[in-house]
Amino acid sequence: MDAETSQPAAPAETADLSAAPSRRSVIGWAGAGLALGAAAAGSVAAATMKQDAGTAPAVDSTADIPFYGDHQAGIATPVQDRLHFAAFDVTTTDRAVLVRMLKDWTKAAAAMTGGREVGAGATGGLPEAPPDDTGEALGLPASRLTLTIGFGPTLFEKDGVDRFGLKARRPDALIDLPKFRGDRLEDARVGGDICIQACADDPQVAVHAIRNLARIGMGVVNVRWSQLGFGKTSSTTPEAQTPRNLMGFKDGTHNIAGSDTAKLADHVWVAPGEGPEWMTGGSYLVSRRIRMTVEAWDRTSLKEQEDVFGRTKGEGAPYGKQKERDTPDLSAMPQDSHVRLAHPDSNNGLMILRRGFSFTDGTDGLGRLDAGLFFLAYQRDTRKAFVPLQTKLAANDKLNEYITHVGSGHFACPPGIRKPGEWWGQALFG
Ligand code: HEM
């Protein structure tokens, strides 16, 4: 199907906005006006937090997150509860067809993140034609949906072929990830030409978004692999309660806060002059599907579990300290503990922005749960962040007794779309 046919004849998204039906008559307090008005992703935290009387700010889980901004939403945005991540293979060889799809995707993404239906909606089109929107999010608010796009190494060059004339535009930082010690990667869960990270506080909204993008992309892209996630395992909002991963430990205690513009600039956003212009303000995403051998973990003593991380299970306090947020004394932690090895003080100040989610995908066929952590990390240069860190962890981390990396992806996520009419990948393809 040509993606063009799935869209109404609207020249720009401004036209779309007035035409596109809202999924419900009253949308979240943040509202569509705010969605368009708040330009910078840095304003996202403020735009989606509301203050509970006398307590830490709580996230309004119905709100819409601004789609337009200097940086893509879904990176510094306060982490939502649910994830649907999809990696796509581009099947067309026609650059113009791919560009057309990216334009259509952008329009659809702007609509869905604003709580609106795609195109003419689930019921607003011609009765003789398939609807523009699949409809399962009808009546649901935007639910803080963010859609974040990334381009994988194979979009630029695959099997030595410069498929879309992009080879010279591949950033040096977008390396083919090396094989790390202990990796048990499954081909069906590795790579991808394009990825979309859909995060929302309602799983139906996240799934709806990926499904509609896949539908629009029919004949242009195929879903290569996808991952559902729940119970965010990393917080980027230090003022909120830290979530727990499936090992029962607080995860995200020491992470880059979405509101910490200095740390984001230092560790997450690509600076001007670093690689190709089209990536300035963007970030590199590493995804790793990490299985946990929960059966073995659950038979491990509490002391051993705490030794694995160097933090207590209940409070999440670093060894030798009382409170979760106390400054760690790394020397009080076992040498092979995860936190001691991963802490910036052990790595010349290196930090990554972790944004992972838990997963359980049935069984592995051997009577065990197929469960773990879908690790997502954003960084300014993967060669200087994930690669050295994971090389070290893979060789030394006590946690390795209980985990296995089975899936992997690496994607260049461009900066944000700044205004209606721009499209995902415009600076790359332009
Ligand atoms: C299933 C796999 C993993 C689990 C269960 C896990 C769990 C945890 C936990 C519980 C913490 C302590 C709380 C916190 O500060 O967030 C932590 C910290 C951290 N983890 Fe992981 N992690 C996993 C994989 C990874 C990987 C693959 C990396 C990077 C290559 C990584 C990097 C970090 C970093 C940088 C910290 C912060 C250390 C600090 O600054 O104190 N983790 N992780």
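Residues numbered from 1 in each chain as written. Predicted model: local features only at pLDDT ≥ 70, side-chain atom pairs only at ≥ 80, totals over all residues. Heavy atoms only, no water.

(A) Spatial organisation of the overall build of the protein chain. If you tally the helices and strands in the protein chain, you get 12 helices and 11 strands. Out of the 430 residues in the protein chain, the part that is buried amounts to 55%. At a minimum sequence separation of 6, the contacts of the protein chain that also span at least 24 residues come to 77%. Here the protein chain displays about 17,200 Å² of accessible surface, and carbon together with sulfur accounts for 53% of that area. (Helix = DSSP H or I, 4+ residues; strand = E, 2+ residues; numbered from the N terminus. Buried < 20%, exposed > 50% of the residue type's maximum accessible area, 1.4 Å probe, protein only. Contact = heavy atoms within 4.5 Å. Areas by Shrake-Rupley, 256 points an atom, 1.4 Å probe, with all protein chains shown as cover.)

(B) Layout of the site of the ligand. Taken together, 28 residues sit near the ligand, with G252, H254, H338, H343 and R354 positioned nearest. Here an oxygen atom of the ligand and a side-chain polar atom of H254 are 2.6 Å apart. Most atoms of the ligand, that is more than half of them, are within 2 Å of grid points of the largest cavity. Elements with a minimum of two residues in the shell around the ligand: β7 (283–292), α10 (338–342), β10 (369–379), α11 (386–396) and β11 (403–413). The element contributing the most residues to the shell around the ligand is α11, with four residues. Tallied by class, the residues present in the shell around the ligand amount to 16 nonpolar, eight polar and four charged. (Near = heavy atom within 4 Å. Polar contact = N/O pair within 3.5 Å; in protein donor to acceptor, adjacent residues only side chain to side chain. 1 Å grid on protein atoms, 1.4 Å probe; cavity = no way out; pocket = protein on both sides within 12 Å on 5 of 7 lines; lining within 4 Å. Sits in = over half its atoms within 2 Å of the grid points. Nonpolar A, V, L, I, M, F, W, Y, C, P; charged D, E, K, R; others polar.)

(C) Molecular detail of empty space enclosed by the protein. Evaluation of the coordinates by the stated rule reveals six cavities of 30 Å³ or more. Reported here for the largest cavity is a volume of approximately 760 Å³. As for the largest cavity, its lining consists of 40 residues, and the residues nearest its centre are D251, H338, A342, R354 and F375. For the lining of the largest cavity, the secondary structure elements donating two or more residues are β7, α10, β10, α11 and β11. Per-element accounting of the lining of the largest cavity gives the leading share, five residues, to α11. Broken down by class, the residue content of the lining of the largest cavity amounts to 19 nonpolar, 15 polar and six charged. (Points joined across faces, edges and corners; volume = space filled by probe spheres on them.)

(D) Just the coordination of the iron atom of the ligand, in detail. Inspection of the coordination sphere of the iron atom of the ligand shows a single protein donor, H338 (NE2), at 2.1 Å. As for its placement among the helices and strands, H338 is situated in helix α10. (Donors = N, O, S within 2.8 Å, 3.2 Å for Na, K, Ca; no water.)

(E) View of the packing of aromatic side chains. All told, the structure shown has 16 aromatic pairs when counted by the stated rule. Between F180 and F386, the ring centres sit 5.6 Å apart and the planes meet at 90 degrees, which makes this aromatic pair edge-to-face. In this pair, F180 sits in the loop between α5 (153–156) and β5 (194–200) while F386 sits in helix α11, placing the two residues 206 residues apart along the sequence. When its relative accessible area of 3% is taken as the criterion, F386 is described as buried. Seen in terms of ring centroids, F375 and F386 are 5.9 Å apart; in terms of plane orientation they differ by 45 degrees. Their pairing is tilted. With F375 in strand β10 and F386 in helix α11, this pair connects stretches of sequence that are 11 residues apart. (Phe/Tyr/Trp six-rings, centres within 6.5 Å; stacked < 30°, edge-to-face > 60°.)

(F) Representation of helix α9 (residues 302–309) within the structure. In terms of burial, α9 is largely enclosed, as six of its eight residues are buried. The complete set of buried residues in α9 reads E304, Q305, E306, D307, V308 and F309. On its buried face, α9 is in contact with α8 (294–298) and α10. Once α9 ends, the next one or two residues include G310, with phi positive near 80 degrees.

(G) Broad picture of unusual backbone geometry. The phi angle at R144 is positive, at roughly 55 degrees, despite the residue not being glycine. Take R144: it is sitting in the loop between α4 (95–113) and β4 (146–151). If you check the backbone angles, D159 has positive phi at about 50 degrees while not being a glycine. Classification of D159 by relative accessible area gives exposed; the value is 77%.

(H) Layout of α4. The end-to-end C-alpha distance of α4 is 27 Å, a good match for the 27 Å that 19 residues give at a rise of 1.5 Å each. In terms of burial, α4 is largely enclosed, as 14 of its 19 residues are buried. Its side-chain oxygen at 2.9 Å from the backbone nitrogen of A96, D94 defines the N-terminal cap of α4. Looking one or two residues beyond α4, the residue adopting positive phi is G115, at roughly 75 degrees. (Expected span 1.5 Å × (residues − 1).)

(I) Representation of the side chain of K250. For K250, the location among the structural elements is in the loop between β6 (221–230) and α7 (261–267). Reaching out from K250, the side chain makes a polar contact with the backbone oxygen of E315 at a distance of 2.9 Å. Engagement of the side chain of K250 in a polar contact is seen with the side chain of E324, the distance being 3.3 Å. When sequence neighbours within four positions are dropped, the list of residues in contact with K250 reads T242, P243, R244, G314, E315, G316 and E324.

(J) Inspection of the environment of A96 at higher detail. Here A96 lies in helix α4. Residue A96 is classed as exposed on the basis of its relative accessible area of 52%. Put simply, A96 and F164 are 68 residues apart on the chain and 9.3 Å apart in space, counted from C-alpha to C-alpha.

(K) Structural detail: the pattern of salt bridges. According to the stated counting rule, one finds 27 salt bridges in the structure shown. For E157, the salt bridge goes to K167, with nearest N and O atoms at 3.6 Å. Residue E157 is located in the loop between α5 and β5, and its partner K167 is located in the loop between α5 and β5; the two are separated by 10 residues in the primary sequence. Given the relative accessible area of 41%, K167 is considered partly exposed. Of the charged contacts in the structure, one is a salt bridge between R189 and E186, with a shortest N-O distance of 2.8 Å. A relative accessible area of 25% means that R189 is categorised as partly exposed. Each of E186, R189, R289, R291, D361, D364, R368 and D370 takes part in one network of salt bridges that share partners. (Salt bridge = Lys/Arg side-chain N within 4 Å of Asp/Glu carboxyl O.)

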